[in-house]
Amino acid sequence: MLAPYNDEYFMKKALEEAKTAYEKGEIPVGVVVVINDRIIARGHNLTETLNDVTAHAEMQAITAAADFLGGKYLQNCTMYITLEPCQMCAGALYWSQISKIVFGAKDPQRGYRKFGVQLHPKTEVESGILEKECGALLKRFFIEKRNLN
């Protein structure tokens, strides 16, 4: 039996955030930030809602987590993201000194790894957690978007 709090558990919470974004007509990316098995921040894409290209899920969650912690560094925190971060978000995560990033679906076209962006040397990265579920929501969103246009 799995422990109640594991990578899949927290990625499912990030997927809930992605579904919220989907319902708002936003690209369905969701995030949770965890410290000591406790979710301290949540976020989902709000670029359309806020008319702001920087309003990615990760940026929302970095701000909320820093506010919760009372400081700008996210040391000892893990961010669960449904999609590989873009280069902008990877840069912000670098500066936040987050301890660990776990993402679901890879983004070979716009993900940070394609552009050679480096994360903080102490940041651990894990990928592929609930990859199929994360990818399926994104695919469904873009298929529906194409059919509307």
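Everything numeric in this text was worked out from a predicted model, so none of it was measured.

### Here's the deal with the UniProt feature "binding site: Zn(2+)" (unreviewed entry) in the protein
Right, on to step 1. Following the UniProt record, one finds the feature "binding site: Zn(2+)" (unreviewed entry) at His56, Cys86 and Cys89. A maximum C-alpha distance of 9.3 Å places the annotated residues, which cover 34 residues in sequence, within one compact spot.
Right, on to step 2. Take Cys86: it is sitting in the loop between β3 (78-83) and α4 (87-96).
Right, on to step 3. Beyond its immediate chain neighbours, meaning those up to four positions away, Cys86 contacts His56, Arg110 and Tyr112.

### So, the UniProt feature "active site" (unreviewed entry) in the protein
Right, on to step 1. What UniProt calls "active site" (unreviewed entry) maps, in this numbering, to Glu58.
Right, on to step 2. With respect to the helices and strands, Glu58 occurs in helix α3 (residues 57-69).
Right, on to step 3. For Glu58, a relative accessible area of 4% puts it in the buried group.
Right, on to step 4. If we ignore the near neighbours within four places in the chain, the residues touching Glu58 are Val31, Met79, Ile81, Leu83, Pro85 and Cys89.

### Observations concerning the pattern of salt bridges
Right, on to step 1. All chains considered together, the criterion is met by six salt bridges.
Right, on to step 2. The partner of Lys13 in a salt bridge is Glu16, and the shortest N-O contact between them spans 3.7 Å. On the criterion of helical spacing, the pair formed by Lys13 and Glu16 is a turn pair, its members being three residues apart in helix α1 (residues 7-23).
Right, on to step 3. A salt bridge links Glu124 to Lys100; the nearest nitrogen and oxygen atoms lie 3.9 Å apart. Of the two residues, Glu124 is situated in strand β5 (residues 124-127) and Lys100 in strand β4 (residues 100-105); the sequence distance between them amounts to 24 residues.
Right, on to step 4. On the basis of relative accessibility, which here comes to 46%, the residue Glu124 falls in the partly exposed class.
Right, on to step 5. Through salt bridges with shared partners, one network takes in Lys100, Glu124 and Glu126.

What counts, and where the lines are drawn
Residues numbered from 1 in each chain as written. Predicted model: local features only at pLDDT ≥ 70, side-chain atom pairs only at ≥ 80, totals over all residues. Heavy atoms only, no water. UniProt positions renumbered as here; feature names shortened; annotations may be inferred. Helix = DSSP H or I, 4+ residues; strand = E, 2+ residues; numbered from the N terminus. Contact = heavy atoms within 4.5 Å. Buried < 20%, exposed > 50% of the residue type's maximum accessible area, 1.4 Å probe, protein only. Salt bridge = Lys/Arg side-chain N within 4 Å of Asp/Glu carboxyl O.

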